[in-house]
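Structure at a glance
So the chains spell out like this:
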Amino acid sequence: MGENLKYVIVDRDENSRDILKNYLSEIGQPAPEAEFFDTEFAAEYIFNMPQGVVFIDISDYPEKSLNLIKSIKERRKDIVLVALSNRASTDVIIKAMRAGAKEFVTKPVIKTEFFDVIEALKADLQNTDTKESCKIISTFSNKGGIGKTSIAVNLAVELAQLTKEKVALIDLNLQLGDVATFLDMTPPFAMDYIADNIHSLDESELLNTMSKYKNTSLYVIADPLNIDKSKEITAEQIKNILSALKKTFSYIVIDIGTNIDSKTITALDMSDLILLIAIVNLPAIRSMQRCMELFEKLGYEKDKIKLVLNRYIENEDIKATDIEEVVKQKVYWKIPNNYLTMMSAINKGVPVNEINPEANIAQNYMEFASKLSDYLITQKLNKNYSTRESINL
Ligand SMILES: Nc1ncnc2c1ncn2[C@@H]1O[C@H](COP(=O)(O)OP(=O)(O)OP(=O)(O)O)[C@@H](O)[C@H]1O
Ligand SMILES: [Mg+2]
C-alpha cells in the first residue's frame, strides 16, 4: 500500500469513526481524507477520490450501504471496500461480498483484527501488479451422473457474481457436453473454433469469441456441435487455450467429465485445484480411491485434490468420516441433496440461485464459491461456516 493511500469512512456512529481513526493513526497510516455520516453525501466524493480504501458501515441501513458498495465497485476498480457491521452472520458477510466488499470487519472493531485487515490489504494491493492471479478449478470423477457439470456451472456463476472478476467456464466433455444446456446458451463459437484460432486471437477477440453469460463476468466455451470436430482437438491446443485464458481471467472452471485422455490430463495438470466429486455410496467411494491412486501416479500433491461430496444427507449409514478413513484425506466440502431445486434449475437452464437464492443448495454454492475465491473476506466467512454444527438441509 503506497505511503499516500487515501482512507474514507462512511459510518453514522461518530464513536466508531473515532475508533477507526485512532487505529489508523496507531499503525502510522494517514488520517482519513473524509468521513461521512450518510451514504448519499459519501457517494459523490468517493466516485472522484484517488485510489484508496473506503470503510462502510452496513449495520443500520444495509440496503443503502450495500448499494453504495455496489456502485463504487462498478465505477472504481482501484478502490478497496471494507464493510463493517455489528452483525456477522454468514448471510450478512455474503451480502457484503456479493456487493463488492473485499473485507468484512465485525463491530465493535477489535484492534488486532483491524490491524490484520490493514496488513492483508497492504499485501493484496502490493501483489496486484506482479502475481499470476488466475486460479484453475476442475471438476472430475470417473463416475457419470454424480454432479460434475452441476457443480462446475453453479460454482462458475457464483464466482463471477461474488468476485465480479472474469471467470471462464470450459466444457471438456468434448463429445456431448452439457454446460451450455445447463445455462440455456447457444454459443456461436465453440471449443473447435477457439482451438483452431487461439494463436491469432488477441485478448478482446478471445472475449468476443467466448459467450458471455447474461449480464455477468462469466464467459463460456462450449463443446463442439460436431462430434468429428471434437476428435480433431489436441492436448496441445487445450494447453494453449488455458495459457491464453490465464492472462485474462481470474478463475477458470473446467468441467473435465469422466474421460481420462491426453486432453483431460493436460487440463488436470494445469489445474490449481481438482474437485474430486463423489456421492456417498460404496461404488462411488471405491472410484474415488482409484482416482486418488491415479492422481498419485500423475505426481499431484495431495493438497491439489479436494474431496467434494455431492447430494449429501446428514446421518446416512456411511458418514463423511468413514470416507475420510478410506480415502485418507479430509472431505473439503459437502453439497446437500436437493433434487427439486436442482432439476428445476437444469430444466429451466439457469443456476440454482435463480430458482431460489434462499434454498439450502443455493446458499451452499455461494459459500463454496467464497471458500474457493481468493477474497480475504473469505477467511472470516469460513470461520463462521465451520462453527456451524451441520449443513442446513
Ligand atoms: N446436490 C444435488 N442434489 C440433488 N440432485 C443433484 C444434485 N447435484 C446434481 N444433481 C442431479 O444429478 C444429476 C446429474 O448431474 P450432472 O449432470 O451435473 O452430473 P455429471 O456428473 O456431470 O453427469 P455426466 O457424467 O453425465 O456428465 C442431475 O439430474 C442433477 O439434477
Ligand atoms: Mg456432466
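Residues numbered from 1 in each chain as written. Chains lettered and ligands numbered in written order. Predicted model: local features only at pLDDT ≥ 70, side-chain atom pairs only at ≥ 80, totals over all residues. Heavy atoms only, no water.

Comments concerning the domain arrangement of the chain
- Splitting the chain by domain gives domain 1 (6–127) and domain 2 (135–387).
- Spacing between the C-alpha centres of domain 1 and domain 2 amounts to 33 Å. (Domains from an automatic or database assignment.)

A word on the pairing of strand 11 (residues 273–278)
- Most of strand 11 sits out of view: 6 of its 6 residues are buried.
- Side-chain alternation along strand 11 places Leu273, Leu275 and Ile277 on one buried face and Ile274, Leu276 and Ala278 on a second face that is also buried.
- Relative to strand 12 (residues 305–312), strand 11 is paired through 5 bridges, and the arrangement is parallel. Residue pairing for strand 12: alanine 278 is matched across the bridge by leucine 309.
- For the handedness criterion, the β-α-β arrangement of strand 11, helix 13 (residues 282–297) and strand 12 is classed as right-handed. (Buried < 20%, exposed > 50% of the residue type's maximum accessible area, 1.4 Å probe, protein only. Helix = DSSP H or I, 4+ residues; strand = E, 2+ residues; numbered from the N terminus. Pairing = 2+ DSSP bridges. Right-handed = clockwise from strand over helix to strand, strands pointing away.)

Quick look at the pairing of strand 1 (residues 6–10)
- In terms of burial, strand 1 is largely enclosed, as 4 of its 5 residues are buried.
- As paired elements, strand 1 and strand 3 (residues 52–57) share 5 bridges and run parallel to each other. Across the sheet, the residue bridging to lysine 6 is glycine 52, located in strand 3.
- Two elements, strand 1 and strand 2 (residues 34–36), share 3 bridges in a ladder whose sense is parallel. Among the inter-strand pairings, isoleucine 9 is bridged to a residue of strand 2, identified as glutamate 35.
- Taking the sense of rotation as the criterion, the β-α-β connection linking strand 1, helix 1 (residues 14–26) and strand 2 turns out right-handed.

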